Amino acid sequence: MFSRTFLPSEKQEVAFANISDGGIFTIIQFTYHTNSQMYGILKKTASKCSHISQTYSIGRSVEGKDLLAIEFSDNPGQHDLLEPEIKLIGNMHGNEVLGRQLLIYLAQYLCSEYLLGNERIQTVINTTRIHILPSMNPDGYEIAASEGHEYNGWTSGRANAQNLDLNRNFPDLTSIFYNRRRFRHFRSDHIPIPESYWLNKVVAPETYAVMKWIRSFPFVISASLHGGELVISYPFDLSRHPQEDRMYSPTPDEQIFRQLARTYADAHATMSNNDTERCGASFANKGGITNGAQWYSFAGGMSDFNYLHSNCYEITVELGCDKFPSEMELYPEWLRNKEALLSLMEFVSSCFYWVLLGANHKLQQAGLLFLLFISSNFFKLIFTELHRTLASIIEAQMKSRKISKILKTLTLISLIQYLYFCRVSAN
Ligand SMILES: [Zn+2]
């Protein structure tokens, strides 16, 4: 069968060798890539894996550069009922470059391994729709890259070409949430963007593109890859007390966020180690995860927006102290993060139902999921149309809030079942 040859790491590449038909030969170059090289690799990868992949643009940067995403799914270009969607974003801060490279390698890796018959990768791609945006800030990257690893300072290239910090540029829905939480029936999802945001703020095209993206796909899990620390931070990023800028400020879904953060930190080679040398703040005694506002508070972040405007759980992955590591570090960093990235993708499929259940604490939703679960497992292959019809009937019922007692009973059973399932799969 297939075997793999890892060339010495100083060569900065991995070859997938001994492929008899000669068509699946991939070399991942563990070097930095310019914007045009990145576009080339993503497009080439998608064409090589065209049955499971495609590229698409979510918009353009200030200087007109493409914000190019690549998607992996058994049905690229379409949302399958019940198939969770996940997104991975790199390089939001243009000078935090490791995440961008890791995501380029990840795209190449997913394609190659799928073709090589790696069952784990095939399962992930067949059960999840994965969207990868390696660079959210290609303009900023260009500035940082022109200085290079040796000379890039702490902030050069961080902002976009309008000098806007993209992770402060999203609508601040968290303040709205804090103001409303004392009212009955307040919601922690699908909070609309207030008019004042459009009137008072310069909205970066990169921010706008990502907001549109979030609204266009039913993402459930997301990770934004940054640099400068070694920790996973999760919402809320804005402190619940205006005068306290280091205050623990959990969302109503604290448990889900913690589990998601742990999934990455525990699978990372060093993030959860308590003997790891840290960059300044110490997260070692917390297992390498932290609530965002407890670390430092800020408004207008992307993660809080994802959570409050849609139903997507986004964590911020701080990949390491060095925002612009030397090229020699890229391959070792890939090895440190590969398992964590894969675990994150697997988390979404094993705990998808649980995630949704936890999201809203609604019996109705659990009941719906239970029925969808049954229909998907027993009928999907044979009665796809029936399945879709059933789903739309239940959805209509949900909208009109006519939920029967039977549905509520099923709900409780499914709740227990999924919690159990999730606990088992987490062990
Ligand atoms: Zn950052």
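Definitions and cut-offs
Residues numbered from 1 in each chain as written. Predicted model: local features only at pLDDT ≥ 70, side-chain atom pairs only at ≥ 80, totals over all residues. UniProt positions renumbered as here; feature names shortened; annotations may be inferred. Helix = DSSP H or I, 4+ residues; strand = E, 2+ residues; numbered from the N terminus. Buried ≥ 20, exposed ≤ 12 C-beta atoms within 10 Å, placed from the backbone. Contact = placed C-beta atoms within 7 Å. Pairing = 2+ DSSP bridges. Axes fitted to C-alpha atoms, helices over the stretch in contact; angles between N-to-C directions. Expected span 1.5 Å × (residues − 1).

**Some details on the UniProt feature "active site" (unreviewed entry) in the chain**
Here is step 1: Within this structure's numbering, the places UniProt gives as "active site" (unreviewed entry) are Glu318.
Here is step 2: Inspection of the secondary structure assignment puts Glu318 in strand S10 (residues 313-320).
Here is step 3: Given 25 C-beta atoms within 10 Å, Glu318 falls into the buried group.
Here is step 4: Look past the residues within four positions of Glu318 in its chain and what remains in contact with it is His226, Gly227, Gly228, Glu229, Leu230, Val231 and Ser233.

**A closer look at the pairing of strand S3 (residues 53-60)**
Here is step 1: Pairing of S3 with strand S4 (residues 66-72), which is carried by six bridges, proceeds in the antiparallel orientation. What sits directly across from Ser53, in S4, is Phe72.
Here is step 2: Linking S3 to S4, which pair antiparallel, is a turn of five residues; within it Gly64 sits at a positive phi near 85 degrees.

**Thoughts on the sheet that holds strand S5 (residues 85-90)**
Here is step 1: Pairing is mixed across the open sheet formed by eight strands, whose spatial order is S3-S4-S6-S5-S7-S10-S8-S9. Each edge of the open sheet is held by one strand with a lone partner, namely S3 and strand S9 (289-291). Pairs of neighbouring strands in the sheet enclose a mean axial angle of 20 degrees, with direction left out of account.
Here is step 2: Note: S5 against strand S6 (residues 129-133), five bridges, orientation parallel. Paired with Leu88 across the strands is Ile132, a residue of S6.

**A word on the environment of Ile289**
Here is step 1: Secondary-structure assignment places Ile289 in strand S9.
Here is step 2: Residues Ile289 and Tyr234 lie 55 residues apart in sequence; the distance between their C-alpha atoms is 7.9 Å.

**Considerations on helix H2 (residues 98-116)**
Here is step 1: Here H2 is 19 residues long and its end C-alpha atoms lie 26 Å apart, about the 27 Å a rise of 1.5 Å per residue gives.
Here is step 2: Of all 19 residues in H2, 18 are buried; the element is thus mostly enclosed.
Here is step 3: Following H2 by one or two positions, Gly117 adopts a phi angle in the positive range, close to 90 degrees.

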